[in-house]
Amino acid sequence: MPQFLINSADVKDHQINICDKDNYNHIAKSLRIRKGESLLLIDENQIQYETIVSEINACCITTEIKKKYKSKRKLDFKLYLAQVPLKTDGQQIIVEKATELGIEGIFPILSDNCALKKEVIEKKIPKWQRIMFEAFKQCERAYVPKCYELSTFKNILNMKEEYKIIAFCERFSTLTLHKYCMQNPINKEDKIIVIIGPEGGFSKQEFNMLKENSIPMLTLGNLILKAETAVITAIGNIIY
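Residues numbered from 1 in each chain as written. Predicted model: local features only at pLDDT ≥ 70, side-chain atom pairs only at ≥ 80, totals over all residues. Heavy atoms only, no water.

Chemist: Any details on the nonpolar core? Residues and values, ideally.
Modeler: Residues Leu79, Phe168, Ile193, Ile195 and Leu210 are the most contacted members of the largest nonpolar core, which totals 52 residues. Dropping the residues within four chain positions of it, Ile193 is found in contact with Tyr80, Ala82, Phe107, Ile156, Met159, Tyr163, Lys164, Ile165 and Ile166. Ile27, Ala28, Tyr49 and Ile65 belong to the second-largest nonpolar core, a separate cluster that totals 15 residues. (Core = buried A, V, L, I, M, F, W, Y, C linked by side-chain atoms within 4.5 Å. Buried < 20%, exposed > 50% of the residue type's maximum accessible area, 1.4 Å probe, protein only. Contact = heavy atoms within 4.5 Å.)

Chemist: Provide a residue-level description of the layout of surface pockets, including the pertinent values.
Modeler: Approximately 270 Å³ is the volume attributed to the second largest pocket. Together, 13 residues line the second largest pocket, and Leu177, His178, Cys181, Asn237 and Tyr240 are the ones closest to its centre. Elements represented by at least two residues in the lining of the second largest pocket include exactly helix H5 (177-183) and helix H7 (227-239). Take the lining of the second largest pocket: its biggest share by element is four residues, from H5. Grouping the constituent residues of the lining of the second largest pocket by class yields eight nonpolar, five polar and no charged. (1 Å grid on protein atoms, 1.4 Å probe; cavity = no way out; pocket = protein on both sides within 12 Å on 5 of 7 lines; lining within 4 Å. Points joined across faces, edges and corners; volume = space filled by probe spheres on them. Helix = DSSP H or I, 4+ residues; strand = E, 2+ residues; numbered from the N terminus. Nonpolar A, V, L, I, M, F, W, Y, C, P; charged D, E, K, R; others polar.)

Chemist: Tell me about the packing of helix H2 (residues 90-100) against H7, and name the residues and values.
Modeler: Contact pair H2 / H7: the axes reach a minimum separation of 9 Å and the direction vectors enclose 10°. As the angle between them shows, H2 and H7 are arranged roughly parallel. Contact with H2, carried on its side by Gly90, Ile93, Ile94, Lys97 and Ala98, involves Ala227, Glu228, Val231, Ile232 and Ile235 of H7 and no other residues of that element. Considered class by class, the residues forming the contact of H2 with H7 number seven nonpolar, one polar and two charged. (Axes fitted to C-alpha atoms, helices over the stretch in contact; angles between N-to-C directions. Parallel < 35°, antiparallel > 145°, perpendicular 65-115°, else oblique.)

Chemist: Lay out the side chain of Asn213 in plain terms, naming residues and giving numbers.
Modeler: Position of Asn213 among the secondary structure elements: in the loop between helix H6 (204-212) and strand E13 (217-218). Polar side-chain contacts of Asn213 include one of 3.2 Å to the side chain of Lys160. Those residues in contact with Asn213 that lie beyond four places of it in its chain are Leu157 and Lys160. (Polar contact = N/O pair within 3.5 Å; in protein donor to acceptor, adjacent residues only side chain to side chain.)

Chemist: Describe empty space enclosed by the protein, naming the residues involved and giving the relevant values.
Modeler: Per the counting criterion, the structure on display carries one cavity of 30 Å³ or more. Each pocket or cavity is described by its volume, and for the largest cavity that value is around 50 Å³. Elements with a contribution of two residues or more to the lining of the largest cavity: strand E11 (164-168) and H5. When the residues that make up the lining of the largest cavity are grouped by side-chain class, the tally is six nonpolar, one polar and one charged.

Chemist: Tell me about the environment of Lys146, and name the residues and values.
Modeler: Tracing the backbone shows Lys146 in strand E9 (residues 146-147). For Lys146, a relative accessible area of 44% corresponds to the partly exposed category. Linking Lys146 and Lys97, residues 49 residues apart in sequence, is a C-alpha distance of 14 Å. In this structure, Lys146 is in contact with Glu104, Gly105, Ile106, Gln129 and Met132, ignoring residues within four places of it in sequence.

So far we have only geometry, and geometry alone does not tell us how the molecule works.
This is the structure in structure tokens:
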């Protein structure tokens, strides 16, 4: 059962009224939830509510709160993905799984070897945000991550004063993530950006930019992974 995002203003005493159209249609019409059934809700303050449906009318659902608590379904540190979007449906998998794994947000970046044009990526960003929202509901995350506006390789590297930035470069690195983390432990206050390049790899100019900015270039092992596999593996290993 997915959770549903509500506004804390809708919480009155021990009841929550769900009257917005999207939530109402999903709960009452798509899932066909009935009186007496359980419903999991969460508000913008990351307070989760375990409720029971007490009434459903033509436009509103009323629930009784049985338990409420601060959601713990989030990472101990802030992890961001800066990734060159794929031309295939694999991009939707990346967006969905990265959300499930707990990232704060995704920075789509335009690179020299990007398979998509700038205007195509910009049109897809609202769709990727919707996918992130649906994944947030399904995996009961504490909050909805953000799909940011299209950025550039240079702009991401300019964020190095505020974020720890690492890049995965399968063919040109021998430093493993494990060795890097042994030397650079991840702390709860850290904000980390993981850069994953395009299917064709980084250009020579981009490699030079990584070196000039002293960005650690890591490998996930001897195997050459598809871009979507690399993203899921990299995020999963960092969290571990």
